[in-house]
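Observations on chain architecture
Listed here are the chains, written in short residue letters.
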Amino acid sequence: MSDRDLAPRRLGLPDDFVFGVATAAYQIEGGVAEGGRGPSIWDTFATRPGAIHHGETAEVACDHFHRWPHDLDLMAELGIPAYRLSLSWSRLQPTGDGPLNPEGVAFYRDLLRGCRERGIEPYVTLYHWDLPQALQDAGGWPERRTAELFGAYASLVADALGDLAEHWITVNEPVCASFLSYWWGMQAPGHTDLSEAVRAAHHLLLGHGLALRTFRERRPAAKLGITNLVSSLAPATASAADASATADLDIRFNRVFLEPVYHGSYGPDVAAVFGDQGLTETESDTGLVRHGDLALISAPMDFAGVNHYTNTLVAADPEAWNGARMIQVEPAPTDFGWSDTPEALSAVLQRLAAEFTDLPLYVTENGATFGDYATPDGAVHDPERVRYLAGYTAALADARGGGADVRGYFLWSFLDNFEWSWGYSQRFGIVHVDFGTQRRTPKDSAYWYRDLIRAQRAPLAAAAAASQEGIPA
């Protein structure tokens, strides 16, 4: 991509296309022992030696719990029209059961009002991995009771906060909250049990279905969806072995979470892989998949959320995990070693539209980490991220041209933050955070994104001005 192609320009997207930024409560809020908040599984996980890079914690993180007015002011100054944020379950309901914590409710009402007062449309996620520790002590997501309590929690949130936002996401990336957390041990609570992970996966989807039902009962006008992480996977060679390994990983990463939501069943391929752990095509009275579960999980939604980061080739390798070696498609310049291949985002969106759903699609996360730093003059230059964003935002129009009804894009992330097990070593933000002083510095990418949004909105602004002056637009 030439430097000329990097200039922000109108992308041929609909005038009402939504551009925004995204964050998650645990990664930015801090204040973990303030405002009546209870401990979450991530607070506990962070105390485990070796679990988090350099033993870092999110006790302070970006101190957004205290600095949110300034953060929203900065967002407004950059002209960001939409903000995807999450609610901390343990801040709103410290033990995961019982009434909501009034201080938590007040915090989020202030935050959501603050968005609206600044002309920022909130898109709110109910669950972004911060399970109250009390629920984990009782078994966590492998227990059906957790899904039932999540449905009850969603009902309370609908009553307490549902008047302040139109768009709601039930669960963020169930693959991470189940497999990474209960099977691969990479995320809280750090377990390594396949059976636990599969039960957690089903109960996260069931929790989505129960939350969808109770929230819609309380707020019929709300627009509701779920966000799934969707990886782009392709065989490394034309060999049958690589094709088979790719198909298997697609089941384990993508289809096990997409099929029940959009097709209303765990298909035969999913059941063949996970049937021994209880994921069956048929429902029963006493098994993991109970009568009525799939109807709840696949109940009608208003949109589909898609998170996308990686583009991976798969090679059969008997010595690798599950017999498959994963190779990032080049170029892979990010600090995580992930690909910078915008065509993968377009392909993922087109696949969802062709194989799974005709719902409006929102890219609810997409971004990259780079070793950003403040120069002596106080600026933060991140040309790699500008190049990355230029490619991935252009891919949105390509996806629409290929038949995907893409309606919005939320850049991950607004702020550098606590990047889960990686601590503060990975910077996703378009705003640099000096974690020692909490100083915020917009990076070059923040101004580039501001100008991109302005370019999309220019026809609307011209039409509005013409209307005020009585000139035909």
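Residues numbered from 1 in each chain as written. Predicted model: local features only at pLDDT ≥ 70, side-chain atom pairs only at ≥ 80, totals over all residues. Heavy atoms only, no water.

Summing up its helical and strand segments, the protein has 15 helices and 13 strands in all. A compact globule built from 473 residues would reach a C-alpha radius of gyration of about 23 Å, and the protein, at 22 Å, matches this within 12%. The principal-axis extents of the C-alpha atoms in the protein amount to approximately 65 × 55 × 50 Å. Sorting the 473 residues of the protein into buried and exposed places 59% on the buried side. Looking at the protein alone, contacts between residues at least 24 apart form 74% of all its contacts between residues at least 6 apart. Looking at the protein as shown, the accessible area adds up to about 17,600 Å², and 52% of this sits on carbon and sulfur atoms. The protein carries 36 positive and 61 negative side-chain charges, and their two centres are separated by 5 Å. (Helix = DSSP H or I, 4+ residues; strand = E, 2+ residues; numbered from the N terminus. Rg over C-alpha atoms; globule rule 2.2 N^0.38 Å. Buried < 20%, exposed > 50% of the residue type's maximum accessible area, 1.4 Å probe, protein only. Contact = heavy atoms within 4.5 Å. Areas by Shrake-Rupley, 256 points an atom, 1.4 Å probe, with all protein chains shown as cover. Lys, Arg positive; Asp, Glu negative; His and termini not counted. Charge placed at Lys NZ, Arg CZ, Asp CG, Glu CD.)

What follows concerns the side chain of Asp 340. As for its position among the elements, Asp 340 is in the loop between β9 (324-328) and α13 (342-355). Although Asp 340 is buried, it makes no salt bridge; Arg 387 carries the closest opposite charge, 6.5 Å away. Leave out the neighbours within four places in its chain, and Asp 340 touches Pro 331, Ala 332, Pro 333, Tyr 388 and Tyr 392. (Salt bridge = Lys/Arg side-chain N within 4 Å of Asp/Glu carboxyl O.)

Before going further, it helps to spend a moment on the nonpolar core. If you look at the biggest cluster of nonpolar residues, it comprises 146 residues, and the most contacted ones within it are Leu 87, Tyr 127, Trp 168 and Tyr 449. The dominant element in this core, judged by the number of residues it contributes, is helix α9 (residues 194-218), at 11 residues. If we ignore the near neighbours within four places in the chain, the residues touching Tyr 449 are Phe 19, Gly 20, Val 21, Ile 80, Tyr 409, Leu 411 and Ile 430. Of all hydrophobic cores here, the second largest spans six residues; its members include Leu 233, Ala 245, Phe 253 and Val 314. (Core = buried A, V, L, I, M, F, W, Y, C linked by side-chain atoms within 4.5 Å.)

If you walk through the whole model with that rule in mind, you get 30 salt bridges. One salt bridge in this structure joins Asp 163 and Arg 109, with 2.9 Å as the shortest N-O distance. Placement of the pair is Asp 163 in the loop between α7 (144-161) and β4 (167-172) and Arg 109 in helix α5 (residues 102-117), with a sequence separation of 54 residues. Judged by its relative accessible area of 18%, Arg 109 is buried.

Taken together, the three strands give an open sheet; going across it, the order is β6-β8-β9, and neighbouring strands pair in mixed fashion. With one partner strand each, in any of the chains shown, β6 (232-235) and β9 form the two edges of the open sheet. Each strand of the sheet is rotated relative to its neighbour by a mean of 35°, with strand direction disregarded. Bridging between β6 and strand β8 (residues 311-316) involves four bridges; their strand directions are parallel. Across the sheet, Ser 232 pairs through a bridge with Asn 311, a residue of β8. Where helix α10 (residues 240-262) meets the sheet, it contacts β6, β8 and β9, and its direction lies at approximately 165° from that of β6. (Pairing = 2+ DSSP bridges. Axes fitted to C-alpha atoms, helices over the stretch in contact; angles between N-to-C directions.)

For the rest of this paragraph, the subject is the pairing of strand β5 (residues 223-229). Buried residues dominate β5, accounting for five of its seven residues. Across four bridges, the pairing between β4 and β5 is parallel. By the bridge assignment for β5, Trp 168 is matched with Leu 224. Sheet topology places β5 next to strand β7 (residues 304-307); three bridges connect them, and they run parallel. Looking across to β7, one finds that Asn 228 is bridged to Val 306.

A few words on the sheet that holds strand β11 (residues 406-412). In a beta sheet, neighbouring strands pair by backbone hydrogen bonds and run either parallel or antiparallel. Spatially, β1-β2-β3-β4-β5-β7-β10-β11 is the arrangement adopted by the eight strands of the closed barrel, whose pairing is parallel. On average, each strand axis in the sheet is tilted by 25° relative to the strand beside it, whichever way the strands run. Strands in contact with α9 are β3 (121-127), β4 and β5; relative to β4, the strand with the most contacts, it is inclined by about 160°.

A separate point is the confidence of the model for the protein. For the protein, per-residue confidence averages 95 on the pLDDT scale, and residues scoring 70 or more make up 96% of the total. Contacts of residues 462-467 to residues separated by more than four positions or lying in other chains number three contacts, the stretch itself having pLDDT below 50. (pLDDT = per-residue confidence, 0-100.)

Here we come to the pairing of β4. By the criterion of burial, β4 is predominantly enclosed, with six of the six residues buried. Relative to β4, β3 is paired through four bridges, and the arrangement is parallel. Paired with Thr 125 across the two strands is Ile 169, which belongs to β4.

Assignment of secondary structure puts Asp 248 in helix α10. Taking the C-alpha atoms as reference, Asp 248 lies 8.1 Å from Val 273; in sequence the two are 25 residues apart. Those residues in contact with Asp 248, other than ones at most four positions away along the chain, are Val 273 and Asn 322. Here the side chain of Asp 248 touches Arg 252 through a polar contact of 2.8 Å, side chain to side chain. (Polar contact = N/O pair within 3.5 Å; in protein donor to acceptor, adjacent residues only side chain to side chain.)

It is worth spelling out the environment of Gly 139 at this point. Note on placement: Gly 139 falls in the loop between α6 (133-137) and α7. You can call Gly 139 partly exposed: its relative accessible area is 23%. Along the sequence, Gly 139 and Glu 196 sit 57 residues apart, while their C-alpha atoms lie 9.5 Å from each other.

To continue, consider the packing of aromatic side chains. In this description, an aromatic ring pair is defined by two values, namely the gap between the centres and the angle between the planes. For the structure shown, the criterion picks out 40 aromatic pairs. For the ring pair Tyr 26 and Trp 420, a centre distance of 6.0 Å and an interplane angle of 10° mean the geometry is stacked. Taken together, the residues span a long stretch of sequence, with Tyr 26 in helix α1 (residues 25-28) and Trp 420 in the loop between β11 and β12 (431-434) at a distance of 394 residues. The exposure class of Tyr 26 is buried, given its relative accessible area of 6%. Ring geometry for Phe 336 and Trp 422: centres 5.2 Å apart, planes at 80°, overall edge-to-face. One end of the pair, Phe 336, is in the loop between β9 and α13; the other, Trp 422, is in the loop between β11 and β12, and 86 residues separate them in sequence. A residue is classified by how much of its surface remains accessible, and Phe 336, at 18% relative accessible area, is buried. (Phe/Tyr/Trp six-rings, centres within 6.5 Å; stacked < 30°, edge-to-face > 60°.)

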